[in-house]
Amino acid sequence: MTSESASQSISAGRTDDIPPSWDERTILTTFLDYARDTVHAKCAGLSDADARRAPLPGSPLMTISGLVSHLRWVEGAWIEQTLLGGTIDAPWTDDDPDREFRIAVTVPLAQLLADYRAACARHRDLVASLDLGTPSQGELGWRTEPVTLRWILFHLTEETARHNGHLDILRELADGARGR
């Protein structure tokens, strides 16, 4: 498949996973943007009621709304807090470490998606001028050595792609829609 035909297989208006150039940074950011955009594609046309449904008996917090909220806050934690050493006003607490999932069911899906899109745009801008080898400034808690922007971009791609798999399943259970 040529890159032209691969690009044509992506829905109109959807981010493509074929980078416009082959340098490492462009490949990393293209795949992350593709995974981010896939979140929106998986949620397209879904009702708030279906987005709030938790169909897995053993996972009462596993909702489409909760996953979108989680992804938004995870981006902030990794970019703003871990990489840049800043603070975020995350919803989770020591007493409720999964609060971003819990409160998401009170927010319209369109708002959650808009907040996620805005957070992704802000994070894209925050790292645009940084070298991939930029070390993290924030506390990690699980290691003393910093991670790099390169590692964080890889990690966010992995995290987003993994949750896109959850969104696939939840979407099919919600209304039968597959693919996207």
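Anything mentioned here points back to the structure above.
Structure report, in brief. (Residues numbered from 1 in each chain as written. Predicted model: local features only at pLDDT ≥ 70, side-chain atom pairs only at ≥ 80, totals over all residues. Heavy atoms only, no water.)

**As for a nonpolar patch on the surface**
Taken together, the side chains of Leu 56, Ile 169 and Leu 173 present a nonpolar region at the surface, about 260 Å² in accessible area. Checked against the element boundaries, Leu 56 lands in the loop between helix H3 (48-52) and helix H4 (64-83). Judged by its relative accessible area of 31%, Leu 56 falls in the partly exposed class. (Patch = residues over 30% accessible without salt bridge, like charges linked within 9 Å, V, L, I, M, F, W, Y side chains within 5 Å. Areas by Shrake-Rupley, 256 points an atom, 1.4 Å probe, with all protein chains shown as cover. Salt bridge = Lys/Arg side-chain N within 4 Å of Asp/Glu carboxyl O. Helix = DSSP H or I, 4+ residues; strand = E, 2+ residues; numbered from the N terminus. Buried < 20%, exposed > 50% of the residue type's maximum accessible area, 1.4 Å probe, protein only.)

**A few points about the packing of helix H2 (residues 24-43) against H4**
Two elements in contact, H2 and H4, have axes separated by 11 Å at closest approach and are oriented at 155°. As far as their axial angle goes, H4 and H2 are roughly antiparallel. In this structure, the crossing between H2 and H4 has a hand that is left-handed. Counted together, Leu 32, Arg 36, Val 39 and Cys 43 of H2 and Ile 64, Val 68, Leu 71 and Glu 75 of H4 form the full contact between these two elements. When grouped by side-chain class, the residues that make up the contact of H2 with H4 number six nonpolar, no polar and two charged. (Axes fitted to C-alpha atoms, helices over the stretch in contact; angles between N-to-C directions. Parallel < 35°, antiparallel > 145°, perpendicular 65-115°, else oblique. Left-handed = near helix turned anticlockwise from the far one by under 90°. Contact = heavy atoms within 4.5 Å. Nonpolar A, V, L, I, M, F, W, Y, C, P; charged D, E, K, R; others polar.)

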